[in-house]
Amino acid sequence: MQFDERIISIVNEAEERCKSSFAKLERVALENQNKVLEAFSKNNVGQRHFAQTNGYGYDDIGRDTLCKVFADVFRCESAIVSPLMVSGTHALTVALYGVLRPGDELLAVSGAPYDTLKEVILGDGIGSLKDFGVTYRQVDLKNGAFDYEGIKHAINDKTKLVFVGRSRGYEWRDALDVREIGKMANFVKDLKPDVVVMCDNCYGEFVDVIEPTEVGVDIAVGSLIKNIGGGIAPSGGYVAGKKSVVDQVAYRLTSPSIGMEVGSYAYGYREFYQGLFLAPHVTLQALKSSVLFGEVFDSVGYKTMPRPNSDCKDIIRSVMFDTKDELIAFCRAVQKASPVDSNVTPFPWDMPGYEHQVIMAAGTFVAGASIELSADSPIKEPYIAYIQGGLTYEHAKIAAMYCLQSVLENK
Ligand SMILES: *Cc1c(COP(=O)(O)O)cnc(C)c1O
């Protein structure tokens, strides 16, 4: 790709300003790599764990050990890691249905849960939680932080599950800090000890040196085609946390009579292990990419979130554009600078599970994997692009130049 001198120098100068942020992120990655390595070594991971299995999968040591390794990484009692969960939404859904019973109430404490969960919670006649007699209450964040007074008022006899989204979703707000999530979890447990606190951990894994499961959250849930799959895992989701809660989720995922005693994978487990091993480094690449994109677009006058030089709490960078055309040009540039499907032109479309039309750029090896450099945006005002991922920083740097050039041409 060819770039104007001006574009190259804007990006190089932005990169210079990122150096101290990069150094901080490298320290986080080092600590997380050590955590992962320890979990592998403690569980004696070997070639035998990568084997293909079929049928029921009783005593599938690849599956069982993978779950143990994840539990150790999350420093919690138990985990389900499975390619049989088709996406993050599926993992979150299974977790909600695993815990909630008719008459219970679900309380969301960081505003509305991710878009694809709306119908799961409130849909009509489709087997939603509402159809099963589970009620819903929501407390929005106040200036980007938990509204403790509001949460206290919302908790009642029926409250069974408290839901928090670590990442920003499609909103102009920053992600939440793990320590703040821990404080909230302890706050609600002081008020009602039998409540289950669940965290949508998508895009948050390995951004910090601790995970929500280490600070009082009962279960963390996420997708394997984001941070923790390291760009290698081909599909799947995970649920990690307290054993009694994880067991409930397992009974829902398969059957109350079999839980996680069954489940085979005829393709073999190597990619999940290798993906987890690579995940701290790949998340670092994604974070450096995010910081660079923020710095570049901030320097030419766009609002970005989080602000340059502030800590990353997820891998996403939000960039607010002035016009829909700039937004679309940006997403198309991300696609064009991708290693796969660079010839494809993304258009806004009615994606299943989303309220507004969404434009998505994902020229990825694993279809739709947003730990690979990708951008998406609901088509609504204000025009915000959410950019995330990047398996290599070098790719992201080239893409940043291309995106900047395209947006400036469409200004
Ligand atoms: C990606 C994501 C999900 C799950 O989405 P899937 O596309 O179903 O994997 C849920 N919550 C957040 C915050 C996410 O980023």
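Up top is the structure these notes are about.
What counts and what doesn't
- Residues numbered from 1 in each chain as written.
- Predicted model: local features only at pLDDT ≥ 70, side-chain atom pairs only at ≥ 80, totals over all residues.
- Heavy atoms only, no water.
- Phe/Tyr/Trp six-rings, centres within 6.5 Å; stacked < 30°, edge-to-face > 60°.
- Buried < 20%, exposed > 50% of the residue type's maximum accessible area, 1.4 Å probe, protein only.
- Lys NZ or Arg CZ within 6 Å of the ring centre and 35° of its normal.
- Axes fitted to C-alpha atoms, helices over the stretch in contact; angles between N-to-C directions.
- Helix = DSSP H or I, 4+ residues; strand = E, 2+ residues; numbered from the N terminus.
- Parallel < 35°, antiparallel > 145°, perpendicular 65-115°, else oblique.
- Left-handed = near helix turned anticlockwise from the far one by under 90°.
- Contact = heavy atoms within 4.5 Å.
- Nonpolar A, V, L, I, M, F, W, Y, C, P; charged D, E, K, R; others polar.
- Salt bridge = Lys/Arg side-chain N within 4 Å of Asp/Glu carboxyl O.
- Core = buried A, V, L, I, M, F, W, Y, C linked by side-chain atoms within 4.5 Å.
- Pairing = 2+ DSSP bridges.
- Near = heavy atom within 4 Å.
- Polar contact = N/O pair within 3.5 Å; in protein donor to acceptor, adjacent residues only side chain to side chain.
- Areas by Shrake-Rupley, 256 points an atom, 1.4 Å probe, with all protein chains shown as cover.

**Q** What is the right way to read the packing of aromatic side chains from this model?
**A** The geometry of two aromatic rings is summed up by the distance between their centres and the angle between their planes. This structure, assessed with the given rule, holds 24 aromatic pairs. Here F70 and F74 contribute two aromatic rings whose centre-to-centre distance is 6.4 Å and whose plane-to-plane angle is 25 degrees, an arrangement assigned as stacked. In terms of burial, F70 and F74 fall into one category: buried. Taken together, the ring pairs connect F293, F297, Y302, F321 and F330 into an aromatic cluster. Positioned above the aromatic ring of F22, the side-chain terminus of K288 is 5.1 Å from the ring centre.

**Q** What am I meant to see in the packing of helix α8 (residues 270-299) against helix α10 (residues 393-409) here?
**A** Each pair of packed helices can be described by the angle between their axes along with the distance between the axes. Contact pair α8 / α10: the axes reach a minimum separation of 9 Å and the direction vectors enclose 25 degrees. The orientation of α8 relative to α10 falls into the category roughly parallel. For the element pair α8 and α10, the recorded crossing hand is right-handed. On the side of α8, the interface is formed by Q285, K288, S289, L292, F293, V296 and F297, while α10 contributes Y393, A396, K397, A399, A400, C403, L404 and V407. Along the lines of polarity and charge, the residues of the contact of α8 with α10 split into 11 nonpolar, two polar and two charged.

**Q** I keep staring at the pattern of salt bridges and nothing clicks. Help me out?
**A** In this structure the tally under the stated criterion is 25 salt bridges. One salt bridge connects D72 with K42, and the closest N-O pair in it is separated by 3.0 Å. Pair noted here: D72 is in helix α2 (residues 61-73) and K42 is in helix α1 (residues 5-42), with a separation of 30 residues, a long-range link. Accessibility expressed as a relative area gives 19% for D72, which makes it buried. Overlapping salt bridges bring together R168, D174, K313 and D314 as one network.

**Q** What is the right way to look at the nonpolar core in this model?
**A** Looking at soluble globular proteins, one finds that nonpolar side chains tend to be buried together. Judged by nonpolar contacts, the single largest core of 58 residues is most densely connected at L292, F293, F297, F321, F330 and V334. Once residues lying within four places of it in the same chain are set aside, the contact partners of V334 are A361, L373, S374, A375, I387 and C403. In terms of nonpolar packing, the next biggest core, distinct from the first, is built from 55 residues, V73, L92, F206 and Y238 among them.

**Q** What is the right way to read the environment of L84 from this model?
**A** Take L84: it is sitting in the loop between β1 (78-82) and α3 (88-99). The class for L84 is partly exposed, based on a relative accessible area of 45%. L84 sits 296 residues away from K380 along the chain, and the two C-alpha atoms are 34 Å apart. Ignoring any residue separated from it by four or fewer positions in sequence, one finds L84 in contact with H90, G263 and S264.

**Q** Just checking my understanding: could you explain the sheet that holds strand β6 (residues 219-223) for this structure?
**A** The strands making up a sheet are joined through hydrogen bonds of the backbone, oriented either antiparallel or parallel. In spatial order, the strands read β1-β7-β6-β5-β4-β2-β3; together these seven strands make up an open sheet with mixed pairing. Of all strands in the sheet, those with a lone pairing partner are β1 and β3 (135-138), marking the two edges. Averaged over all pairs of adjacent strands, the angle between their axes in this sheet comes to 20 degrees, without regard to strand direction. Two strands pair when backbone bridges link them, and strand β2 (residues 105-108) and β3 are joined in this way by four bridges, in the parallel orientation. Residue pairing for β3: L106 is matched across the bridge by Y136. Together, β1 and β7 (237-241) form the strand contacts of α2, whose direction differs from that of β1 by roughly 125 degrees.

**Q** Explanation requested: the side chain of H395 in the structure shown.
**A** Tracing the chain through its elements places H395 in helix α10. For H395, the contacting residues outside a window of four places in its chain are A337, S338, P339 and L373.

**Q** Even after reading the chapter, I still don't get the site of the ligand, so can you show me in this structure?
**A** In the region of the ligand, the neighbouring residues are S87, G88, T89, L92, Y114, S167, D200, C202, Y203 and K226. Within the side chain of S87, a nitrogen or oxygen atom sits 3.2 Å from an oxygen atom of the ligand. Here T89 contributes a side-chain N or O atom positioned 2.5 Å from an oxygen atom of the ligand. If the ligand stood free it would expose 380 Å²; the protein chains cover 87% of that surface. With three residues, the top contributor of residues to the shell around the ligand is α3. Looking at the shell around the ligand residue by residue, the class counts come to four nonpolar, four polar and two charged.

**Q** What's the story with the pairing of β1 in this structure? I'm lost.
**A** In summary, the side chains of a regular strand alternate between the two faces of the sheet. Where burial is concerned, most of β1 is hidden: five out of the five residues are buried. Burial along β1 is two-sided: S78, I80 and S82 and A79 and V81, pointing in opposite directions, are all buried. Pairing of β1 with β7 involves five bridges; the strand directions are antiparallel. Each residue of the ladder has a partner; that of V81, found in β7, is Y238.

In short, the description is geometric, and any link to function would need to be established separately.
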